[in-house]
Amino acid sequence: MMNGYGIKDGGEFFPVSLQFGGHKLCGSGRFSNVYCGQMIGPIQKEVAVKNVWSDTETRHLPTTQYPEVQILSKVFHPSISNLLYFYSRNANNKTIHCLVLDYLPSEMAKLRDQGVKFDVLDAKLYTFQLFCAISHLASKNIVHMDIKPQNVIMDRMKGLLKLADFGNARRLETSEKTGGAYQVTRFYRPPELLFGCEKFTSAIDIWSATCVAFELFANRVLFRGKDTKDQIMLITGVLGYPTDEDIKSMGVKRPRVARKEARGIETFTSKMLDPDMYEFMKSTLKIDPKKRKTAIDVLKMSVFDVIKVVPRKKRSNGAELPNVIGYTEMNHKRECVEVEPAPAGIETTEKAEKESKSSSSHSTEEETRK
Ligand SMILES: Nc1ncnc2c1ncn2[C@@H]1O[C@H](COP(=O)(O)OP(=O)(O)OP(=O)(O)O)[C@@H](O)[C@H]1O
């Protein structure tokens, strides 16, 4: 048993006792280890527990104030790896923030590395869910800022996808001038950030998600730049050198790269894709972020008609397509019912830390990895 917090539908936290069964390491990032296992109380569910050790900026923050917890407490959607509970513990005098998240068994990047290919129906199904997630984030004024195959988790049997890792996510109101050029992993970084724009908008996620969608359809990275300059060259080679209007709209200096004519996305992609897919990519891969279709409009495009037909189509594994139409609804209620608060006296995260320190069975691998 350990003391932590749950999240009410309005985003407020409430104290709760948490209980877990066995777990195993199922992924790791630069500052985290992610364990998957069974939660026993207050709900029974397979979950992922992301253990994050703080950087200098967040070292003094209690877990309730940790940015990823703050952002995730404001969202809840079936296509997002939702934060269900959280707690903290101490290791080597460092606070470890522990985020209990919705779990799915596969990561898109790992599947790609294993040579898994998706058929057109599945590629559309997963792309639809990815854009549902972005649409929900946009409705909450949140930008994910790091959409890439490593942050997309899947259940291939059920045909489900969830967007994970909100460690770089930002609220739009607080996103002024924070040095955007190196945000978002290079292959998925949109032109405005490559050109030095520091203002975040939801259009950043639209670009990155389109690059991920292309990988689902074509099974290769769309723009695999060797460095920032090469990334720009690849993009301008397809979409052309930015027009004066594009430059003004992005609020950036005129890029000092070779001027190229637009070659067009069809000639760039070696394999012919579904014609509707090109239609979709042409509407989202625009240099000017203001001209990119929004997620809510993308979801209405004909490319997704096939997953909306009734009776629902069968996937290649024989299973019926999951019913994802309701995912366009943005106000999903947290399943997490309020439960009896934990025994008296959980006033602070520090107390939860102390108690969980003695009872936690989690590996302390992260302490030695850094
Ligand atoms: N909810 C989840 N369900 C299953 N696996 C997950 C989940 N969340 C994360 N993972 C796995 O753990 C890995 C690391 O998680 P995550 O990307 O959140 O960590 P990070 O430290 O923020 O990473 P980064 O180094 O990119 O900043 C993911 O790539 C994924 O394989």
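Residues numbered from 1 in each chain as written. Predicted model: local features only at pLDDT ≥ 70, side-chain atom pairs only at ≥ 80, totals over all residues. Heavy atoms only, no water.

Basically, it comes down to this: UniProt positions are given in the numbering used here, feature names are shortened, and annotations may be inferred rather than shown by experiment.
Naming follows an unreviewed UniProt entry, where the protein chain appears as Protein kinase domain-containing protein of Caenorhabditis nigoni. Under the UniProt heading Sequence similarities (unreviewed entry), the entry covering the protein chain gives this text: "Belongs to the protein kinase superfamily. CMGC Ser/Thr protein kinase family. GSK-3 subfamily."

1. Some thoughts on the overall build of the protein chain
Rule in force here: For the purposes of this entry, the term helix denotes a DSSP run of H or I that reaches at least four residues, the term strand denotes a run of E that reaches at least two, and both are numbered from the N terminus. Throughout, exposure labels follow a simple rule: accessible area from a 1.4 Å probe, protein chains only, divided by the maximum for the residue type, with under 20% read as buried, over 50% as exposed, and the rest as partly exposed. Contacts are assigned to residue pairs with any non-hydrogen atoms lying within 4.5 Å of each other. To be clear on the numbers: accessible area is Shrake-Rupley with a 1.4 Å probe, and residue cover counts the displayed protein chains and nothing else.
Along the backbone of the protein chain there are twelve helices and eleven strands. Classification of the 370 residues of the protein chain by burial places 54% in the buried group. Put simply, 66% of the contacts in the protein chain that link residues at least 6 apart link residues at least 24 apart. Only carbon and sulfur atoms are counted for the fraction: they give 50% of the accessible area of the protein chain, which is about 16900 Å².

2. Focus: the packing of helix H5 (residues 203-218) against helix H9 (residues 275-284)
What counts here: Angles here are taken between N-to-C directions and fall from 0 to 180 degrees, while the axes themselves are lines fitted to C-alpha atoms, restricted in helices to the stretch in contact. Note on terminology: angles under 35 degrees are roughly parallel, angles over 145 are roughly antiparallel, angles of 65 to 115 are roughly perpendicular, and the others are oblique. Handedness of each helix crossing follows the sense of rotation of the near helix against the far helix: counterclockwise by less than a right angle gives left-handed, clockwise gives right-handed. Ten residue types, Ala, Val, Leu, Ile, Met, Phe, Trp, Tyr, Cys and Pro, are classed as nonpolar, four, Asp, Glu, Lys and Arg, as charged, and the remainder, Gly among them, as polar.
The interhelical angle for the contact between H5 and H9, taken along N-to-C directions, is 160°, at an axis separation of 10 Å. Taken as axis vectors, H5 and H9 run roughly antiparallel relative to one another. Crossing hand, H5 versus H9: left-handed. Of the residues in H9, those touching H5 at Ile 206, Trp 207, Thr 210, Ala 213, Phe 214 and Phe 217 are Met 277, Phe 280, Met 281 and Thr 284. Here the residues of the contact of H5 with H9 are counted per class, giving eight nonpolar, two polar and no charged.

3. Let's talk about the domain arrangement of the protein chain
How we decide: The domain limits used here are those given by an automatic or database domain assignment. Buried surface area refers to the total accessible area, computed with a probe of radius 1.4 Å, that the two partners give up upon joining, counted for both partners together. Salt bridge, as used here, is a side-chain nitrogen of Lys or Arg placed within 4 Å of a carboxyl oxygen of Asp or Glu.
According to the domain assignment, the protein chain consists of domain 1 (2-103 + 340-369) and domain 2 (106-328). Taken together, the contact pairs 16 residues of domain 1 with 20 residues of domain 2. Both faces combined, the contact of domain 1 with domain 2 buries some 1500 Å², and carbon together with sulfur accounts for 62% of it. Taken as a group, Ile 71, His 77 and Ser 79 account for 35% of the area that domain 1 buries against domain 2, more than any other trio of residues on that side. Between Asp 102 and Lys 162 there is a salt bridge, and its shortest N-O distance comes to 3.6 Å.

4. With respect to the side chain of Asp 102
Within the secondary structure layout, Asp 102 lies in strand S6 (residues 94-102). For Asp 102, a relative accessible area of 6% gives the class buried. Apart from the residues within four sequence positions on either side, Asp 102 is in contact with Lys 45, Ala 48, Ile 80, Ser 81, Asn 82, Leu 84, Ile 153 and Lys 162.

5. Topic: the site of the ligand
Put simply, the rule reads: One heavy atom within 4 Å of a molecule or strand makes the whole residue count as near it. Pairing of N or O atoms within 3.5 Å defines a polar contact, subject to two protein rules: one partner must be a possible hydrogen donor and the other a possible acceptor, and residues neighboring in sequence count only if both atoms are side-chain atoms.
Taken together, 20 residues lie around the ligand, and Arg 30, Ser 32, Lys 50, Asp 102 and Glu 107 are the ones closest in. Within the contact set of the ligand, an oxygen atom lies 2.3 Å away from a side-chain nitrogen or oxygen of Glu 107. Within the side chain of Asp 165, one N or O atom sits 2.9 Å away from an oxygen atom of the ligand. Notes on the ligand: free accessible area 620 Å², of which the protein chains cover 90%. With three residues, strand S2 (residues 13-29) is the largest single contributor of residues to the shell around the ligand. Its residues assigned to classes, the shell around the ligand comprises six nonpolar, seven polar and seven charged. Two domains each put at least three residues into the shell around the ligand: domain 1 (2-103 + 340-369) and domain 2 (106-328).

6. Side note on H5
How we decide: A helix's residues, less one, multiplied by 1.5 Å, set its expected span.
An ideal rise of 1.5 Å per residue puts 22 Å on 16 residues; H5 measures up with 22 Å between its terminal C-alpha atoms. Here H5 lies mainly inside the structure; 16 of its 16 residues are buried.

7. Overview of the sheet that holds strand S10 (residues 160-163)
Two pairing modes exist for strands in a sheet, parallel and antiparallel, and in both the strands are linked by backbone hydrogen bonds. Stated formally: For two strands to be treated as a pair, DSSP must find no fewer than two bridges joining them.
Pairing in this open sheet of three strands is antiparallel, and the strands run S7-S9-S10 from one edge to the other. Every interior strand has two partners, whereas the edge strands, strand S7 (106-107) and S10, have only one. Looking at chain direction, S7 and strand S9 (residues 152-155) are connected through two bridges and run antiparallel. By the bridge assignment, Ser 106 is partnered in S9 with Met 154. Its contacts with the sheet put helix H3 (residues 120-139) on S9 and S10, and the angle it makes with S10 is roughly 35°.

8. Looking at the nonpolar core
What counts here: Within this scheme, the nonpolar core is defined by two criteria: the residues are buried Ala, Val, Leu, Ile, Met, Phe, Trp, Tyr or Cys, and they are joined through side-chain atoms within 4.5 Å.
Phe 131, Met 154, Phe 280 and Met 281 are the most contacted members of the largest nonpolar core, which totals 89 residues. When neighbours within four sequence positions are excluded, Met 281 is seen to be in contact with Thr 210, Phe 214, Leu 222, Ile 265 and Leu 273. Core analysis: the next-biggest nonpolar cluster, separate from the first, contains 16 residues, Trp 53, Leu 84, Tyr 87 and Ala 91 among them.

9. Some thoughts on the pattern of salt bridges
Counted according to the given criterion, the structure contains 16 salt bridges. Residue Glu 215 is joined to Arg 112 by a salt bridge in which the shortest nitrogen-to-oxygen separation is 2.5 Å. With Glu 215 in helix H5 and Arg 112 in helix H2 (residues 108-113), the pair connects residues that are 103 residues apart, well separated along the chain. Via salt bridges that share partners, Lys 45, Asp 102 and Lys 162 belong to a single interconnected network.

10. Description of helix H6 (residues 228-239)
Quick reminder: α-helices carry 3.6 residues per turn. Residues three or four places apart thus point the same way. End to end, H6 covers 16 Å across twelve residues, agreeing with the expected 16 Å (1.5 Å per residue, within 8%). Here H6 has its buried residues at Asp 230, Gln 231, Ile 232, Ile 235, Thr 236, Gly 237 and Val 238. N-cap assignment for H6: the residue whose side-chain oxygen lies 3.2 Å from the backbone N of Lys 229 is Asp 227. Two residues or fewer past H6, Gly 240 is found with a positive phi of approximately 90°.

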